[in-house]
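One-letter residues, chain by chain:
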Amino acid sequence: MSATVLVLYNPASGDSTAKEFFENHVLPYLNGNGIRPAAVVATEYPGHAGTVVTDFLQKHHGEVTIVLGSGDGTLHEIVNALLGRALDAARVITFALVPCGTANALFSSLFMSMSETPVVAYKLFSLDAFIARSRPKPLTLARTTLYEGPTQYIPCHGIVSVVVTSTALHASILEDSELLRKEIPGIERFKIAAQQNKTRWYRSRVKLSPVPSTGSVQVYDPDLNALVPFKGSLDLSGPFAYFLSTVNVDRLEPTFRIAPQFSTALPDGTSLDVVIVRPQRDPVFTSDTPQAREAFGTKVFTVLTAAYQDGSHIRLRYKENGDISEDNDGPTVVEYFRCGGWEWIPDEADEKARLVCSDGAILRVAAGGRAVCGAIESNNFLVYG
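Since we're looking at a predicted model, the values are computed, not measured. (Residues numbered from 1 in each chain as written. Predicted model: local features only at pLDDT ≥ 70, side-chain atom pairs only at ≥ 80, totals over all residues. Heavy atoms only, no water.)

> Any chance you could explain the overall build of the chain here in plain terms?
Within the chain one finds 10 helices and 20 strands. Computed over the C-alpha atoms, the radius of gyration of the chain is 21 Å, within 12% of the 21 Å expected from 2.2 N^0.38 for a compact globule of 385 residues. In terms of overall dimensions, the chain has a C-alpha envelope of 65 × 50 × 40 Å along the principal axes. Burial analysis of the chain (385 residues in total) assigns 54% to the buried set. Taking the intrachain contacts of the chain between residues at least 6 apart in sequence as the baseline, contacts between residues at least 24 apart amount to 74%. Put simply, the chain shows about 16,500 Å² of open surface, and 51% of that area lies on carbon and sulfur atoms. (Helix = DSSP H or I, 4+ residues; strand = E, 2+ residues; numbered from the N terminus. Rg over C-alpha atoms; globule rule 2.2 N^0.38 Å. Buried < 20%, exposed > 50% of the residue type's maximum accessible area, 1.4 Å probe, protein only. Contact = heavy atoms within 4.5 Å. Areas by Shrake-Rupley, 256 points an atom, 1.4 Å probe, with all protein chains shown as cover.)

Written as C-alpha cells, this is what we have:
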C-alpha cells in the first residue's frame, strides 16, 4: 500500500461500540493484510476529529487514506475542518468508511445491506475496497451560506454537507432528536421527534437554480418514472411541511430511501436532489387550521412511511377527495427536483422555519435573512465504495 493510513474512530458514535469493533475486527484485519497505520486515534470531544486529521496532514504528505469509524457527522466535521483551513487544492484524502453511527447514510447508500451478509463482513465492505485498491468515488459537496438582512447579502455563516441539507420537518426532527440521544441512542429517536413535529408547517419561499451541466432544473414525472426538464416557475411559495436535499446518497438510513432518483438516474454533473411536501397541493386544502394540520400530518407520515418502501413515496398522488396512493392520477404529493442549488427565504416571524440542518448540525437563519445552498465539485475528497 502506497498510502499513509490514519485509523480514526469516534467511540461515542451510534451505540458506542466503535472502540470494541476496531479492536476486535478492523485493526486485526488491517494487520492481516500487511497494513500498518501511521496512527490509531479515538476522538475525545466534539471537533477532535477535525483537529486530528488537520494535524496528521501537516505531518504526512502524499496520498493519505483515513479508515474512519463513525457516523456521517464525524465525516462532516472532518471535511469542514479541512476546508476551513484552506486545504491545498492538489491534496487528496480518501476515506474507507466503517459504519459506527446511528444512521450511516453514506455507507448505506454505497453498500446495500443484504440479509445473508454477516454484520461484521458488511461493515468491512469499504475497507475491502481499499485493500483491493478499487477506484474510489469523488464526493460532491453542498455548501450552505446564511445571509443576513433582506437587501444586504453579507455572508454570516458557511458550512458544507456531504449527505443532507434540510429545513422544515427534517431540521426540526434533527434538533429535537438530539435531546433524546442519551435516552434513545438508536434511530427510533428520529421517529419520536417526527411525531412531536408532524403538525407543524413552515412559512418560507424557495428558489431553485439549474444544474450547471444541463442548464435546467429537473422534476420527477411519475408517468415516465423519470426526471424531466421542469416547465414553469422556479419560485415555490409555502407553507412547507418537508424540505430536504441530498448529495452522494439516496437514503438517510439503511431502508429510508428518501432520494431514490439519485441511484436510479445518476446525476449528470454536480447537483442536489430535493424532496418537498407542501400542504396547499392537497386538493382538500381550504385554510390553515389545527384540524387541517392534524389531517395533513397523517399524510406526511404516509409519505415518510413510503420512503421506507424502496422510495415509493415519490409515486404517491392525490385523489380529488384528498386520499393518496400510487394508483391515483392526480398531482403528486411529493415534489422531487434535481437542481444546482436552492435558496430558502423563511418568514422572519416563523422561528422553526429559520432552522437549517447540515449533516445533523443545526444552523439558524437570522430574522429577515436566508439560506443559500449549492452543489460544488470537490477533487479533494474520495471514498471507497
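Moving on from the model shown.
> Quick question: what am I supposed to make of helix α8 (residues 188-197) here?
Structurally, the α-helix is built with 3.6 residues per turn, so residues lying three or four positions apart point the same way. Of the residues making up α8, those classed as buried are R189, F190, A193, A194 and N197. Down the axis of α8, the buried side of the element spans an arc of 145°, and every buried residue falls inside it. Turning to α8, the residues buried within the fold contact α7 (168-178) and α10 (290-307). (Arc of directions from axis to C-beta.)

> What's the story with the side chain of S245 in this structure? I'm lost.
Along the polypeptide, S245 turns up in strand β12 (residues 242-246). Overall, the relative accessible area of 1% leaves S245 in the buried class. A polar atom in the side chain of S245 sits 3.0 Å from the side chain of W342. Among all residues touching S245, those that are not within four sequence positions of it are V163, V164, T165, L272, D273, V274 and W342. (Polar contact = N/O pair within 3.5 Å; in protein donor to acceptor, adjacent residues only side chain to side chain.)

> Sorry if this is basic, but what is going on with the nonpolar core here?
Most often, soluble globular proteins have nonpolar side chains that are buried together. Ranked by internal contacts, the top residues of the largest apolar core, which has 96 residues, are L8 and F95. The biggest single contributor to this core is α10, with 7 residues. Two domains share this core, each providing at least three of its residues, namely domain 1 (4-135) and domain 2 (141-377). If sequence neighbours within four positions are ignored, F95 has contacts with I66, L68, L75, I78, S126, F381, L382, V383 and Y384. (Core = buried A, V, L, I, M, F, W, Y, C linked by side-chain atoms within 4.5 Å. Domains from an automatic or database assignment.)

> Sorry if this is basic, but what is going on with the packing of aromatic side chains here?
For any pair of aromatic rings, the description rests on two quantities: the centre-to-centre distance and the angle between the ring planes. In total, this model carries 15 aromatic pairs according to the counting rule given. With a centroid separation of 5.2 Å and an interplanar angle of 85°, the aromatic rings of F107 and Y122 are classed as edge-to-face. Of this pair, F107 sits in helix α4 (residues 105-110) while Y122 sits in helix α5 (residues 119-123), and the two are 15 residues apart along the sequence. Y122 matches F107 in its accessibility class, with the two residues each being buried. Ring centres of F230 and F337 lie 5.3 Å apart, and the angle between their planes is 85°; on these two criteria the pair is classed as edge-to-face. Remark: F337 occurs in strand β16 (residues 334-339) and F230 occurs in the loop between β10 (226-229) and β11 (235-237); sequence separation between them is 107 residues. Through pairs of rings, three or more aromatic residues link up here, namely F107, F111, Y122 and F125. Across the ring face of Y308, the terminal group of K191 is positioned such that the distance to the ring centre comes to 5.3 Å. (Phe/Tyr/Trp six-rings, centres within 6.5 Å; stacked < 30°, edge-to-face > 60°. Lys NZ or Arg CZ within 6 Å of the ring centre and 35° of its normal.)

> Would you mind going over unusual backbone geometry with me for this structure?
It is generally the case that most residues other than glycine have a negative phi and that most peptide bonds are trans. Residue P239 follows G238 across a cis peptide bond; omega there is 10°. Note that P239 resides in the loop between β11 and β12. Residues other than glycine seldom take positive phi values, yet A168 does so here, at roughly 55°. Counting through the fold element by element, A168 comes out in helix α7. Overall, A168 belongs to the buried group, its relative accessible area being 0%. Of note in the backbone geometry, N225 takes a positive phi value of approximately 50° without being a glycine.

> Which parts of the structure should I look at to understand helix α2 (residues 48-59)?
With 12 residues, α2 ought to run about 16 Å at 1.5 Å a step, and its terminal C-alpha atoms sit 17 Å apart, in line with that. What α2 keeps buried is the set H48, A49, G50, V52, V53, T54, F56 and L57. As for α2, its buried residues are in contact with β1 (4-9), β2 (39-42), β3 (64-70), α3 (72-84) and β4 (93-99). (Expected span 1.5 Å × (residues − 1).)

> Would you take a moment to explain the sheet that holds β16 for this structure?
The strands that make up a sheet are held in pairs by hydrogen bonds between backbone atoms, and each pair lies either parallel or antiparallel. Read across the sheet, 8 strands follow the order β10-β9-β16-β13-β12-β7-β18-β19 without closing on themselves; strand pairing throughout is antiparallel. Since the sheet does not close on itself, it has two edges, and those belong to β10 and β19 (361-364), each with one partner. Recorded for the sheet is a direction-independent mean angle of 25° between the axes of neighbouring strands. Relative to β19, strand β18 (residues 355-358) runs antiparallel, the two being bridged by 4 bridges. Note on β19: the bridge partner recorded for S358 is A361. (Pairing = 2+ DSSP bridges. Axes fitted to C-alpha atoms, helices over the stretch in contact; angles between N-to-C directions.)

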